[in-house]
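Commentary on secondary and tertiary structure
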Amino acid sequence: MTPETMMTSNLAGQPIVAGVDGSPSSLHAAVWAASEAARYHLPVRLVHAVMVSTFAYTAGFCPPSSFYEELDAEGRRYLAEAEATVHREHPDLEIAVDLQHANPAWALIEQSHTARLVVLGSRGLGGISGMLAGSTAVALVAHGHCPVAVIRGRRPDEAPPTDGPVVVGVDGSPASEAAIALAFEEASLRNAELVAAHTWADYSSDITNAWASVSWVGNEQELLAERLAGWQEKYPDVTVRRVVARDRPVRHLLEQGSDAQLLVVGSRGRGGFTGMLLGSTSQALIHHAPCPLLVARPNTAH
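Residues numbered from 1 in each chain as written. Predicted model: local features only at pLDDT ≥ 70, side-chain atom pairs only at ≥ 80, totals over all residues. Heavy atoms only, no water.

The buried count for strand E3 (residues 95-101) comes to seven of seven residues, which makes it a mostly enclosed element. Burial of the side chains of E3 extends over both faces: Ile95, Val97, Leu99 and His101 are buried on one face and Ala96, Asp98 and Gln100 on the other. Across seven bridges, strand E2 (residues 44-50) lies against E3 in parallel orientation. Within the sheet, the bridge partner assigned to valine 50 lies in E3 and is histidine 101. (Buried < 20%, exposed > 50% of the residue type's maximum accessible area, 1.4 Å probe, protein only. Helix = DSSP H or I, 4+ residues; strand = E, 2+ residues; numbered from the N terminus. Pairing = 2+ DSSP bridges.)

The next thing to look at is the side chain of arginine 297. The topology assignment puts arginine 297 in the segment after strand E10 (293-296). Of the side chains with opposite charge, glutamate 110 lies nearest to the buried arginine 297, which makes no salt bridge, at 14 Å. Among the polar contacts listed, one links the side chain of arginine 297 to the backbone oxygen of valine 141, at a separation of 2.7 Å. Polar side-chain contacts of arginine 297 include one of 2.8 Å to the backbone oxygen of glycine 144. Ignoring any residue separated from it by four or fewer positions in sequence, one finds arginine 297 in contact with Val141, Ala142, His143, Gly144, His145, Cys146, Ala178 and Ser267. (Lys, Arg positive; Asp, Glu negative; His and termini not counted. Salt bridge = Lys/Arg side-chain N within 4 Å of Asp/Glu carboxyl O. Polar contact = N/O pair within 3.5 Å; in protein donor to acceptor, adjacent residues only side chain to side chain. Contact = heavy atoms within 4.5 Å.)

Before going further, it helps to examine the nonpolar core. One finds Leu46, Val119, Val168, Phe184, Leu194 and Val264 to be the most contacted residues of the largest nonpolar core, which totals 52 residues. Apart from residues no more than four positions distant in its own chain, phenylalanine 184 is found in contact with Leu194, Leu228, Trp231, Gln232, Tyr235, Val238 and Val240. If you look at the next biggest cluster of nonpolar residues, it comprises 28 residues, including Val118, Ala137, Leu263 and Leu293. (Core = buried A, V, L, I, M, F, W, Y, C linked by side-chain atoms within 4.5 Å.)

As enumerated under the stated definition, the model contains one aromatic pair in all. Aromatic side chains phenylalanine 184 and tyrosine 235 sit 5.9 Å apart centroid to centroid with 20° between the ring planes, which places their arrangement in the stacked category. Of this pair, phenylalanine 184 sits in helix H5 (residues 174-190) while tyrosine 235 is found in the loop between helix H6 (206-234) and strand E8 (240-246), placing the two residues 51 residues apart along the sequence. Just as phenylalanine 184 is buried, tyrosine 235 falls in that class too. (Phe/Tyr/Trp six-rings, centres within 6.5 Å; stacked < 30°, edge-to-face > 60°.)

Next up on the list: unusual backbone geometry. We note that histidine 41 has phi near 60°; this positive angle belongs to a residue other than glycine. Within the element layout of this structure, histidine 41 appears in the loop between helix H1 (24-40) and E2. Residue classification places histidine 41 among the exposed residues on the basis of a relative accessible area of 72%. Of note in this structure, asparagine 191 is not a glycine but carries a positive phi near 55°.

Let's shift gears to the confidence of the model for the chain. Looking at the chain, pLDDT values average 82 and 77% of them are 70 or higher. Mean pLDDT values for the elements of the chain range from 73 in H6 up to 97 in strand E1 (residues 16-19). When the criterion is pLDDT under 50, residues 125-132 qualifies, and its contacts beyond four places in sequence or with other chains add up to 32 contacts. Below pLDDT 50 for its whole length, residues 271-277 participates in 28 contacts with residues either more than four positions away or in separate chains. (pLDDT = per-residue confidence, 0-100.)

With that settled, the discussion passes to the environment of serine 280. In this fold, serine 280 is placed in the loop between strand E9 (262-266) and helix H8 (281-288). Exposure remark for serine 280: the relative accessible area of 31% places this residue in the partly exposed category. Taking the C-alpha atoms as reference, serine 280 lies 8.5 Å from valine 250; in sequence the two are 30 residues apart.

Among the residues making up helix H7 (residues 249-256), those that are buried are Pro249, His252, Leu253 and Gln256. Within H7, the buried residues cover an arc of 95° as seen down the axis, which keeps them to one side. (Arc of directions from axis to C-beta.)

With that out of the way, let us pick up the side chain of aspartate 21. Among the secondary structure elements, aspartate 21 is positioned in the loop between E1 and H1. Side-chain polar atoms of aspartate 21 contact the side chain of serine 23, separated by 2.7 Å.

What follows concerns the pairing of E1. Residues Ile16 and Ala18 line one face of E1 and the alternating positions Val17 and Gly19 line the opposite face, and both faces are buried. Relative to E2, E1 is paired through four bridges, and the arrangement is parallel. Bridging across to E2, glycine 19 finds its partner in valine 47. At this point the chain moves from E1, through H1, to the parallel E2, and the crossover so formed is right-handed. (Right-handed = clockwise from strand over helix to strand, strands pointing away.)

With that out of the way, let us pick up the packing of H1 against H5. Where H1 contacts H5, the axes come no closer than 11 Å and their chain directions differ by 85°. Accordingly, the angle class assigned to the pair H1 and H5 is roughly perpendicular. Residues Trp32, Glu36, Arg39 and Tyr40 of H1 form the contact with H5, whose own contacting residues are Glu185, Glu186, Leu189 and Arg190. Of the residues contributing to the contact of H1 with H5, the split by class is three nonpolar, no polar and five charged. (Axes fitted to C-alpha atoms, helices over the stretch in contact; angles between N-to-C directions. Parallel < 35°, antiparallel > 145°, perpendicular 65-115°, else oblique. Nonpolar A, V, L, I, M, F, W, Y, C, P; charged D, E, K, R; others polar.)

Structure below.
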């Protein structure tokens, strides 16, 4: 990877990084990232990646240098548009912009080494053509070194919601513990209610399910309470609503997230959310969450 950096500055503190590709979705992601940076009093870095290797040869024909120059110029236009949009919303925010020659996923994974959070849109185009959720987002969630946010609205290309609760999926795994930490912090900063959702779907027979619901619900409620206890003491300002249900993890989280402003999950799970392994629950939410999705990693609890 050979990045070409444009107009960078020495940012103080871990930046919030946003991928930019000229799409409406990436502009929403840049603004969301800027709002997050303002909450944490951190700078924001806007990154556009041009994967020039994709265009290196076409049927044995090497494009002229003017072709690559136009790709760079297009990337600069995308970055300038995103920077202007962010500046209008947050005029006092420190902003840096980076133009890189790299695979988009690799560029953002590299950025994740020093970022507090990496943010990208759910629908991409242009230079970061791979930023469509399902490629760059999945790779970043799987291999990144910090939390990742995929910004989604209720409908395609719609701005993400800014009101409603913060919802967190709880299952007792290390990544789930990191998700709880992030969710409490986000709920506190946003003055939002926190919905802690725990579910299980371990039984196949309806008769068995009916019996299991009676005998297990108390245990599951107790497990959830134990997972939240320390965090409720740390964030006494956060109102917590606990939700325990026998359901499929994806369906339950999508339902809880229908009126939320943020959905927080771990990158890998176990127990109640047995499907919360990247490629199942987390991957499904990357594609279908009705609000911004924040994916925590096991080492991000603080």
